[in-house]
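# Descriptive structure summary
Here is what each chain is made of, one letter per residue.
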Amino acid sequence: MNKNKTVKKIKEYPEGDIIESAPVRSGRTELEYYKLHLWAYSDGTYTIGDDDGDHEEADKEDVEEFLRLSPQRHRAYDDYVAETGEDPCELYFVARKREVNQRVELHLQNYVGASEFGLRLRKVTLPNGEDITPAQCLADHPKLAEFIELKKQESGHFILDEVNEQVLRECPEVEEWQDYLSTVFVNAVWDEPIPEEELRVTLREKAKKSLESNR
């Protein structure tokens, strides 16, 4: 972007639309990219802006150059992704997270104050039959702990934060309970990032297909 041109925020311009986007090397290192967008406005003007909302006014020559260079920039980016498996601009439509489902057994304890603060958790039985303490759940299974709203009180007890008997019985993820809620089975669901190496393989394949289709 030409730093001699006026830089404005998008809110200063009339209603507009992005008509073309392209990945551009940052100039700081050869391996860094960012996205630039060509905007067209209802008053017939154009700007070139980044994802931070900084825009430079663009004349006819700037617009023509942006549109001319865009295919070349995309091919160069495809080459980069095909080689590295990295997609810093997130231009490829691939799953970056996957849904995890676990049916776990919560061993609970009622006490005075549970209706206000939440039921106490004694232990968790994981799908493989392993029993873990609430402390282990917080430390080693943070997504599960977040799902069941596990919290450690100043007293040292572990509770399901503000989850009392009534809330638990009305919760659609609770499959069944036994012995006055001393044991409940919960279908816990959360998203986890796809492992980096697995994602790189997928991105490389996508980039190679893009290069082949644009030959």
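Residues numbered from 1 in each chain as written. Predicted model: local features only at pLDDT ≥ 70, side-chain atom pairs only at ≥ 80, totals over all residues. Heavy atoms only, no water.

All right, on to the overall build of the protein chain then. Scanning the protein chain for helices and strands turns up six helices and twelve strands. Residue burial in the protein chain is summarised as follows: out of 215 residues, 36% are buried. Restricting the contact set of the protein chain to residue pairs at least 6 apart, pairs at least 24 apart contribute 54%. (Helix = DSSP H or I, 4+ residues; strand = E, 2+ residues; numbered from the N terminus. Buried < 20%, exposed > 50% of the residue type's maximum accessible area, 1.4 Å probe, protein only. Contact = heavy atoms within 4.5 Å.)

For the second largest pocket, the calculated volume is near 170 Å³. Leu 106, Phe 147, Ile 148, Glu 149, Leu 160, Val 163, Val 167, Leu 168, Cys 171, Glu 173, Val 174 and Val 186 are the residues that line the second largest pocket. (1 Å grid on protein atoms, 1.4 Å probe; cavity = no way out; pocket = protein on both sides within 12 Å on 5 of 7 lines; lining within 4 Å. Points joined across faces, edges and corners; volume = space filled by probe spheres on them.)

Look at helix H1 (residues 60–84) against helix H6 (residues 196–213): their axes get within 7 Å of each other, and the N-to-C directions meet at 145 degrees. Of the two elements, H1 crosses H6, and the hand of that crossing is left-handed. Contacts from Arg 75, Asp 78, Asp 79, Val 81, Ala 82, Glu 83 and Thr 84 in H1 reach Arg 200, Leu 203, Arg 204, Ala 207, Lys 208, Ser 210 and Leu 211 in H6. A per-class count over the contact of H1 with H6 returns five nonpolar, two polar and seven charged. (Axes fitted to C-alpha atoms, helices over the stretch in contact; angles between N-to-C directions. Left-handed = near helix turned anticlockwise from the far one by under 90°. Nonpolar A, V, L, I, M, F, W, Y, C, P; charged D, E, K, R; others polar.)

Let us look at the nonpolar core. In this structure, Leu 106 and Leu 144 are the most contacted members of the largest nonpolar core, which totals 26 residues. Taken together, the elements giving at least two residues each to this core come down to strand S6 (97–109), strand S7 (120–125), helix H4 (142–147), strand S10 (158–160) and strand S12 (183–193). Membership of the second largest hydrophobic core comes to twelve residues, among which are Tyr 77, Tyr 92, Ile 194 and Leu 199. (Core = buried A, V, L, I, M, F, W, Y, C linked by side-chain atoms within 4.5 Å.)

The first and last C-alpha atoms of H1 sit 35 Å apart over 25 residues, in line with the 36 Å expected at 1.5 Å per residue. Within the sequence span of H1, burial applies to Asp 62, Val 63, Phe 66, Leu 69, Ser 70, Tyr 77, Asp 78, Tyr 80, Val 81 and Ala 82. Sitting at the amino-terminal end of H1 is Asp 59, which places a side-chain oxygen 3.2 Å from the backbone nitrogen of Glu 61. Residue Gly 85 follows H1 closely and has a positive phi angle near 75 degrees. (Expected span 1.5 Å × (residues − 1). Polar contact = N/O pair within 3.5 Å; in protein donor to acceptor, adjacent residues only side chain to side chain.)

Take the pattern of salt bridges next. Counting across every chain of the model gives ten salt bridges. Two residues, Glu 197 and Arg 200, come together in a salt bridge whose shortest N-O distance is 3.3 Å. In this pair, Glu 197 and Arg 200 both sit in helix H6, three residues apart, roughly one turn of the helix. A residue is classified by how much of its surface remains accessible, and Arg 200, at 21% relative accessible area, is partly exposed. Within this structure, Glu 86, Glu 196, Glu 197, Arg 200 and Arg 204 form a network of salt bridges that share partners. (Salt bridge = Lys/Arg side-chain N within 4 Å of Asp/Glu carboxyl O.)

With eleven bridges joining them, S6 and S12 adopt antiparallel strand pairing. Paired with Arg 103 across the two strands is Asn 187, which belongs to S12. (Pairing = 2+ DSSP bridges.)

The values are spatial; any link to function lies outside them.
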